[in-house]
Amino acid sequence: GRGASPSGEVAPVLAPALQAADICYTMRMRVEHLDYGGTKLSPDDYSRVLRARSATSNVNEAVAAMWQWVKLADNMDGEAEFDGGAHIDQVACWRGAQAALNSGDDTDGVDRPEETVSMKGIRSYRSDCRSQALQALGFPESELPPPPDSSGVPPVDDVIWQILRAVAWLQLERAAVSCELLEPYCTPATRQLLPQLTLVFHAASCILGGLSHMGFGDSPSGTLADTAGMAGTLQRSGLEAVSPHLQALRSALNGALANPTFNELPCAASLGLALRFLETAVTSAGPRDESIEDSVQSFLTWIPPRTSRLNGAANLGINLGRPSLAFRSALALLYLPQCQLEPELDRLLEECQRGGFLDGLCLTGLGGSESANPINASMLEDLAHDPGQVPWAASEPVGALGRMRGRSMTMPNLRDRVDMLRQVSGQDFGATSDPGSDLMWKYVSKTGDVQSAALLFCHAAHLSHPPMGLQRCFSHYVALLARWRLHRQRVDLHGLIAARLPQDDNTRGRGPVMFCLGCNGSLTGPLTASPGESATDFEAVTRVCPTHSCQRPAPACAVCLLPMLVIRSRSDDKRPARLEVDSWAAWCQSCQHGGHMAHLEEWFETHVECPVAGCDCQCGSLL
């Protein structure tokens, strides 16, 4: 159907195929109808919106997973909200798994100590750095505490995370309990699968528990070699005892994966990979050395759908979808030795960079360089204003009093817009010192979605080393909201980032800011004199743009048609020039038309409609 904006403008109707391909259409629909990119929402709501479309792509699923990582980083950060005057210490950055893993590297090149542990009869690897990396991924050994405001049914992403975390640590009874929490998020057909999945987890737990009693259980470092010496007798008796149960487990597991409704489960690709890993773990439990490592390496590789059918990836049970990157990284951290771990994590990051998958932020982390200065609330105006033009709106600059009637959403085609964004990201930033911002720009250049990048910048702006590489995305998105006349959403976005920033002594309220339609320079606030202009030539009140190279007439009053008055003041002026209230500027937030205060008051005493000919906005009804 047709969607109308708050200003009354009707968005064009596109065919479903074009809707999926046109990122501007998608961004506008999300902010207008789903509040994504305007109103302050929780990361769980962001993930829900991204999955709300009928055909969720692997890229969208990765963005949804990225918001879950942001929620995790915020919880570890202490929910850095500054709104209401509360003071919370700023952290430098959101650390990813790779930074945590490398934090213990010795400067002399000596490998850091690593402990080998038998977990349920399976070889695993432990170290302080690995534990910190698993914590950064959201995969600690102990269950994460629920958020302070959590009540009722947990969000679906939290339930999936609990299952994946329990499977990674082979805490299968916990996985079975969490599996029951998926019921509210399943269709009637997929609900029939939940008892079968619960049975699989219970059966696997019993098998591993039985092997533990036979001598294949958890053991400290150094006992694997001793256990291997008993393989001649103990392995034969143990595996023969559980063989019927193992065959039943495989049958139930393969039946669940082969069920046509399995793909309809939330995060089906990740659950399918978890089940395949579980099968491998159960069959490999015992005094074996390499089998689990080889299997884990095969599970880490994701084959895109275009080539998966040729290579038989459908037999892996991943349903041609992309499994959770955090889960795959956690498997690598738990079950791969150091010589294999770092190359595999690099390969996973390369997958994200190549495909523009934002869940790679759980590996890279997010935060600017050490030279990046903190942002405070007094800098909001500078953040929203960008000296360059928005790539796809350069021909139509947006001004507060600009006459915007008759504008539509018509923009260059998707390929041109993506090429322009790629040019902006490549020329203006190149390879930034922040790998998280680099990954975001690869996503933006691939999809054109500056909306998600702007939202991420808002949530990370409170860091003491903020990711300033994303500031251009924020300013582009602010300009897009103004172009679409979504002024309420623009104010909400301003409030979102303001609530994340600490207050300082220079923070003060600012009135509306007007910009020149010609050069996009500011028409208000302290203005510097032009080069070569003496104090006697300085005009405090003028009707033209104060920029020396522009000198375009200021926006005209819609009633008298004369240019508005612009006040110029210097920072050292003790008594700056002032205007009478009747000469102040005012405008409608819906149609953006306005003029002198006195003239507008006189007009709306006898009229309701806008004074601009051809504009059907009922401005007078808003007074």
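Our subject is the structure listed above.
Residues numbered from 1 in each chain as written. Predicted model: local features only at pLDDT ≥ 70, side-chain atom pairs only at ≥ 80, totals over all residues. Heavy atoms only, no water.

**Brief notes about the pattern of salt bridges**
In plain terms, the rule: Every case where a carboxyl oxygen of Asp or Glu lies within 4 Å of a side-chain nitrogen of Lys or Arg is listed as a salt bridge. To qualify as a helix, a DSSP run of H or I must reach at least 4 residues; to qualify as a strand, a run of E must reach at least 2; elements of each kind are numbered from the N terminus. Note on exposure labels: buried denotes an accessible area under 20% of the residue type's maximum, exposed denotes more than 50%, and partly exposed covers the range between, all computed with a 1.4 Å probe on protein chains only.
Counted under the stated rule, the structure contains 15 salt bridges. Close ionic contact of D157 with R51 constitutes a salt bridge, the shortest N to O distance being 2.8 Å. Residue D157 is found in helix α7 (residues 156–168), and its partner R51 is found in the loop between α3 (43–50) and α4 (58–77); the two are separated by 106 residues along the sequence. Taking the relative accessible area as the measure of exposure, R51 reaches 23% and is therefore partly exposed. Residue E350 pairs with R354 through a salt bridge whose shortest N-O separation is 3.7 Å. Here E350 pairs with R354, and both are found in helix α17 (residues 338–355), just 4 residues apart, close to one helical turn. Several salt bridges converge on common partners, so that one network encompasses R322, R328, E351 and D359.

**Thoughts on the packing of aromatic side chains**
Where we set the bar: Two rings from Phe, Tyr or Trp (for Trp, the six-membered ring) form a pair when their centres are within 6.5 Å of each other. A pair whose planes differ by under 30 degrees is stacked, one over 60 is edge-to-face, and the rest are tilted. The rule is short: NZ of Lys or CZ of Arg within 6 Å of the ring centre and within 35 degrees of the ring normal puts a charge over the ring.
Across all of its chains, the model carries 8 aromatic pairs by this definition. Both rings, one in Y46 and one in W67, keep their centres 4.5 Å apart while their planes meet at 45°; by these two values the pair is tilted. You can see Y46 sitting in helix α3 and its partner W67 sitting in helix α4, a full 21 residues away along the chain. On the basis of relative accessibility, which here comes to 0%, the residue W67 falls in the buried class. Taken together, the ring pairs connect Y36, Y46 and W67 into an aromatic cluster. We note R322 situated over the ring of W302; from NZ or CZ to the ring centre the distance is 5.9 Å. Seen from the ring of F357, R322 lies directly overhead, with NZ or CZ sitting 4.0 Å from the centre.

**Observations concerning helix α23 (residues 471–483)**
In an α-helix there are 3.6 residues to a turn, and that puts residues three or four apart on one side. Using the following cut-off: To estimate the expected span of a helix, subtract one from its residue number and multiply by 1.5 Å.
For α23, built from 13 residues, the straight-helix expectation of 18 Å at 1.5 Å per residue is met to within 8% by its first-to-last C-alpha distance of 19 Å. Burial of α23 is extensive: 12 of the 13 residues sit out of reach of the surface. Of all the residues in α23, the buried ones are Q471, R472, C473, F474, S475, H476, Y477, V478, L480, L481, A482 and R483. Note on α23: the residue one or two positions beyond its end, R485, has a positive phi of about 65°.

**Section: empty space enclosed by the protein**
Defined as follows: Lining residues are those with an atom within 4 Å of a point, where the points come from a 1 Å grid over the protein atoms alone and group into cavities, where a 1.4 Å probe fits but cannot get out, or pockets, open sets with protein on both sides within 12 Å along at least five of seven lines. Grid points are joined across faces, edges and corners, and a volume is the space filled by probe spheres set on the points. Polar here means any residue outside two lists: the nonpolar Ala, Val, Leu, Ile, Met, Phe, Trp, Tyr, Cys and Pro, and the charged Asp, Glu, Lys and Arg; Gly therefore counts as polar.
Tallied over the full model, the rule gives 5 cavities of 30 Å³ or more. In this structure, the largest cavity spans a volume of roughly 70 Å³. In terms of lining, the largest cavity is formed by A65, W69, L72, L137, W161, S324, L325, A326, D359 and C362. Put simply, the parts of the chain that give the lining of the largest cavity at least two residues each are α4 and α16 (325–335). Examining the composition of the lining of the largest cavity, we find that 3 residues originate from one element, α4, more than from any other. Along the lines of polarity and charge, the residues of the lining of the largest cavity split into 8 nonpolar, 1 polar and 1 charged.

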